[in-house]
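# Survey of secondary and tertiary structure
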Amino acid sequence: MKYSDIKTMDQLEKAQKQVKSRLESKSVEVKESFYDMRESYSPGNMLMSGLKSVSAYIPVDQLLLTTVRRLKRRILK
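Below you will find a few notes about this structure. (Residues numbered from 1 in each chain as written. Predicted model: local features only at pLDDT ≥ 70, side-chain atom pairs only at ≥ 80, totals over all residues. Heavy atoms only, no water.)

## As for the overall build of the chain
Scanning the chain from N- to C-terminus turns up 3 helices and 0 strands. Of the regular secondary structure in the chain, the N- to C-terminal order runs α-α-α. At 27 Å, the chain has a C-alpha radius of gyration far larger than the 11 Å of a compact globule built from 77 residues. The principal-axis extents of the C-alpha atoms in the chain amount to approximately 85 × 30 × 10 Å. Counting the 77 residues in the chain, one finds 4% classified as buried. Accessible area for the chain stands at about 7,500 Å²; split by element, carbon and sulfur atoms hold 59% of it. If the 16 positive side-chain charges of the chain are averaged to one point and the 9 negative ones to another, these points end up 15 Å apart. (Helix = DSSP H or I, 4+ residues; strand = E, 2+ residues; numbered from the N terminus. Rg over C-alpha atoms; globule rule 2.2 N^0.38 Å. Buried < 20%, exposed > 50% of the residue type's maximum accessible area, 1.4 Å probe, protein only. Areas by Shrake-Rupley, 256 points an atom, 1.4 Å probe, with all protein chains shown as cover. Lys, Arg positive; Asp, Glu negative; His and termini not counted. Charge placed at Lys NZ, Arg CZ, Asp CG, Glu CD.)

## So, the pattern of salt bridges
A side chain with one charge may pair with a side chain of the opposite charge, provided their charged atoms come close. Within this structure, the stated rule accounts for 1 salt bridge. Among the ionic pairs, Glu29 bridges to Lys26, the shortest N-O distance being 3.9 Å. Taken together, the positions of Glu29 and Lys26, both in helix H1 (residues 9-40) and 3 residues apart, correspond to about one turn of that helix. (Salt bridge = Lys/Arg side-chain N within 4 Å of Asp/Glu carboxyl O.)

## Observations regarding a nonpolar patch on the surface
Together, Phe34, Tyr35, Met37, Tyr41 and Met46 make up an exposed nonpolar region whose accessible area comes to about 570 Å². Residue contributions to the nonpolar patch peak at 3 residues, all from H1. Secondary-structure assignment places Met46 in helix H2 (residues 43-54). Overall, the relative accessible area of 44% leaves Met46 in the partly exposed class. (Patch = residues over 30% accessible without salt bridge, like charges linked within 9 Å, V, L, I, M, F, W, Y side chains within 5 Å.)

Here you go:
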């Protein structure tokens, strides 16, 4: 509805409700986007992303697994 077409109070109230509804839905979208981004860029996810990109050149996953196994042996002794 164009605001220039509003002639009565009922039309005005209807237009206000539509605007409020759109704002609320956009607010929900923004919040969801923020939470998704916050989860994606958490320290753990950033570390894993970095390791994945480095592991193409260095077998980081194998090195970490070997390190964990050695630590586990030391702890169990």
